[in-house]
Amino acid sequence: MFLGFGVPVSGVWATPGNQVRLVQRAEALGYRSAWTFQRLLVPAEPEPDPRSGMEVYRSVLDPVVSLAHLAGRTDRIRLGVAVLNMPFFSPALMAKQLTTLDILSGGRLDVGLGVGWSRVEFVASGVPREHRGARAEEFLRALRALWTDDVVEFSGVFYRIPPARAEPKPVQRPHPPVLLGGSAEAALRRAGRVADGWISASNADLRHIDEPIATVRQAAVQAGRDPDAPRFVCRGPVRLGPSGDADRRPLTGSVEQVRGDLDDLRAQGVTEVGSPGADPVAALRRAEETLEALAPTWT
């Protein structure tokens, strides 16, 4: 199992210097990947979805621009976004931005995509919330056509691309790995059918993460795909501290307890923990201590 780290993109510590300092240190320690996430807007008034009021979402830098900033300051660590919400992009714009990032990083990009959930973001983007699943599957087909076809021509219910060329192409061929987020059964099955892997939500129940992983694998089998091929990235945040009791949240507590949790996640089928130490309210010193304490000891 690989270890990744969350780039500081949220809150007061999300500065250019902190991003470079932490990701360069993660690279030196052998972490496989660095991850960002997307948030366009925060509603001014409370909404029924409790996620809308989370402190981590109050002030967030753009995830793609942040990774472009880091691409030129790193050499080996993979750069991932978990996730970009497809309804807020056109396929052509996303293809251009991510191709550029894959080229600037020398082919180190991992693409996490989702269908979105925030009401205000859908309204501000001029996109209806209905038919998100069908829209996502069509978006993926258009995106892959832009990345792979010499002359692109696409006509669907939601997206249309007249005959055109999309150049240059990504470094990674046929395209960067595409992993899908989502916890609903339909989203999990979509990941197994059409994606290169699945990314958990940051609030996922890590004690039972083997259950959604099994759903993704089953969908892969039903689609005639290798169930061992998908990547499974867990985004659980790490919070080191004194030893916790038996009912503590996984990835919290002492270094020994968190390392035990990582072993348990690996046994459940997780192939990568995407954000150890990605606590947006932690001090820089604490984040560096977490990186050092959980530096990878296996591959």
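If you're wondering where the values come from, they're calculated on a predicted model, not measured in any experiment. Each chain has its residues counted from 1, following the order in which its sequence is written. Thresholds applied to this predicted model are a pLDDT of at least 70 for local features of residues and 80 or more for the giving and counting of side-chain atom pairs; totals over whole chains, interfaces and linings are not thresholded and use all residues. No hydrogens and no water enter the side-chain calculation; it runs on all heavy atoms of the structure.

S.K.: How do you make sense of the pattern of salt bridges when you look at a structure like this?
M.R.: A pair can form between side chains of opposite charge whenever their charged atoms are brought close. Just to be clear on terms, a salt bridge is a Lys or Arg side-chain nitrogen sitting within 4 Å of an Asp or Glu carboxyl oxygen. Tallying each qualifying case throughout the model produces 16 salt bridges. Here E121 ties to R39 by a salt bridge, and the two come within 2.6 Å at their closest N and O atoms. With E121 in helix α4 (residues 119–125) and R39 in the loop between β2 (33–36) and α2 (63–71), this residue pair connects regions lying 82 residues apart in the sequence. Salt-bridge contacts for D150 lead to R165; the nearest nitrogen and oxygen are separated by 2.9 Å. Here R165 lies in the loop between β6 (160–164) and β7 (178–180) and D150 lies in the loop between α5 (132–148) and β5 (152–155), a separation of 15 residues in the sequence. Three or more residues are tied together by salt bridges with common partners; here these are R32, R78, D110, R231 and E272. The way it works is that DSSP assigns letters per residue, a run of H or I at least four long becomes a helix, a run of E at least two long becomes a strand, and they are numbered from the N terminus.

S.K.: When you look at the packing of aromatic side chains in this model, what are you seeing that I'm missing?
M.R.: Each pair of aromatic rings is reported with the distance of its centres and the angle of its planes. Ring pairs shown here join Phe, Tyr and Trp side chains whose ring centres sit within 6.5 Å, with only the six-membered ring taken for Trp; geometry is labelled stacked below 30 degrees between planes, edge-to-face above 60, and tilted in between. Taken as a whole and assessed by the stated rule, the structure comprises 5 aromatic pairs. Judged by centre distance (6.0 Å) and plane angle (45 degrees), the ring pair of Y57 and W117 falls under tilted. On the criterion of sequence distance, the pair formed by Y57 in the loop between β2 and α2 and W117 in the loop between β4 (109–114) and α4 is long-range, its members being 60 residues apart. Summarising the burial analysis for this pair, Y57 and W117 share the class buried. Arranged with centres 5.5 Å apart and planes meeting at 80 degrees, the rings of F139 and Y159 form a pair that is edge-to-face. With F139 in helix α5 and Y159 in the loop between β5 and β6, the pair connects residues that are 20 residues apart, well separated along the chain. Ring-over charges, as used throughout, are those where CZ of Arg or NZ of Lys falls within 6 Å of the ring centre and within 35 degrees of the ring normal. Positioned above the aromatic ring of W117 is the side chain of R51, whose terminal nitrogen or guanidinium carbon lies 4.2 Å from the ring centre. Think of it in three bands: with a 1.4 Å probe and only protein chains considered, a residue is buried below 20% of the maximum accessible area for its type, exposed above 50%, and partly exposed in between.

S.K.: I'm lost on the packing of α2 against helix α3 (residues 91–104) in this one. Help?
M.R.: The description of two helices packed together rests on the angle between their axes and the distance between the axes. Contact geometry for α2 and α3: axes closest at 9 Å, N-to-C directions at 20 degrees. The angle between α2 and α3 places the two elements in the roughly parallel class. In the crossing of α2 with α3, the sense of the turn from one axis to the other is left-handed. Between α2 and α3, the contacting residues are V64, L67, A68 and A71 on the first element and Q97, L98, L101 and L104 on the second. When residues are sorted by character, Ala, Val, Leu, Ile, Met, Phe, Trp, Tyr, Cys and Pro go into the nonpolar class, Asp, Glu, Lys and Arg into the charged class, and all the rest, Gly among them, into the polar class. Across the contact of α2 with α3, the residue classes tally to 7 nonpolar, 1 polar and no charged. Angles here are taken between N-to-C directions and fall from 0 to 180 degrees, while the axes themselves are lines fitted to C-alpha atoms, restricted in helices to the stretch in contact. Here the angle decides the label: under 35 degrees means roughly parallel, over 145 means roughly antiparallel, 65 to 115 means roughly perpendicular, and every other value means oblique. Crossing handedness is read from the near helix: turned anticlockwise from the far helix by less than a right angle, it gives a left-handed crossing, and turned clockwise, a right-handed one. Only heavy atoms matter for contacts: two residues are in contact if any of them lie within 4.5 Å across the pair.

S.K.: Would you explain the pairing of strand β3 (residues 78–85) in this entry?
M.R.: Regular strands show a simple pattern: their side chains alternate between the two faces of the sheet. Of all 8 residues making up β3, 8 are buried, and the element is well covered by its neighbours. Relative to β3, β2 is paired through 4 bridges, and the arrangement is parallel. For W35, the partnering residue across the bridge sits in β3 and is G80. In terms of handedness, the path from β2 via α2 over to β3 forms a crossover that is right-handed. When DSSP locates at least two bridges between a pair of strands, those strands are taken to pair. One ladder, built from 5 bridges, connects β3 with β4; its direction is parallel. Each residue of the ladder has a partner; that of V81, found in β4, is V111. Note on handedness: a crossover is taken as right-handed if, strands pointing away from the viewer, the path from the first strand over the helix to the second is clockwise.

S.K.: Explain the side chain of R235 here, please?
M.R.: Examined against the element boundaries, R235 turns out to sit in the loop between β9 (231–234) and β10 (239–240). It turns out R235 is buried and unbridged, and the closest side chain with the opposite charge, E272, is 11 Å from it. Within 3.5 Å is the distance limit for a polar contact, defined as a pair of N or O atoms, with the added protein rule that one can donate a hydrogen and the other accept it, and that residues adjacent in sequence qualify only through two side-chain atoms. Polar contacts involving the side chain of R235 include one to the main-chain carbonyl oxygen of A82, which spans 3.1 Å. Only four residue types enter the charge count: Lys and Arg as positive, Asp and Glu as negative, with His and the chain ends excluded.

S.K.: Explain the nonpolar core here, please?
M.R.: In globular proteins that are soluble, nonpolar side chains generally tend to be buried together. By size, the foremost hydrophobic cluster in this structure holds 76 residues, and its most contacted members are Y31, L113 and L265. Of the residues forming this core, the biggest block, 8 residues, is contributed by α5. Not counting residues within four places of it along the chain, the set of residues in contact with Y31 comprises L3, G4, F5, A26, I77, T290, L291, L294, A295 and P296. One finds W35, A82, L179 and I199 within the second-largest nonpolar core, a separate group that totals 6 residues. The nonpolar core is taken to be a set of buried Ala, Val, Leu, Ile, Met, Phe, Trp, Tyr and Cys residues, with the residues joined through side-chain atoms within 4.5 Å.

S.K.: Just to check I follow, could you spell out the sheet that holds β7 for this structure?
M.R.: Neighbouring strands of a sheet are bound in pairs by backbone hydrogen bonds; such pairs are parallel or else antiparallel. Here we have 8 strands rolled up into a closed barrel, ordered β1-β2-β3-β4-β7-β8-β9-β12, and parallel in their pairing. Sheet strands touched by α5: β4 and β7. Its angle to β7, the strand with the most contacts, is close to 170 degrees.

S.K.: Just to check I follow, could you spell out a negative patch on the surface for this structure?
M.R.: A patch consists of residues exposed above 30% relative accessible area that lack any salt bridge, with like charges linked at up to 9 Å and nonpolar side chains (Val, Leu, Ile, Met, Phe, Trp, Tyr) linked at up to 5 Å. Here the Shrake-Rupley method, with its probe set to 1.4 Å, supplies the accessible areas, and only the displayed protein chains count as covering residues. Charge positions are represented by NZ for Lys, CZ for Arg, CG for Asp and CD for Glu. A contiguous patch of negative charge, built from D205, D210, E211 and D264, is present on the exposed surface. Of note, D264 is situated in helix α8 (residues 255–267). For D264, a relative accessible area of 40% corresponds to the partly exposed category.

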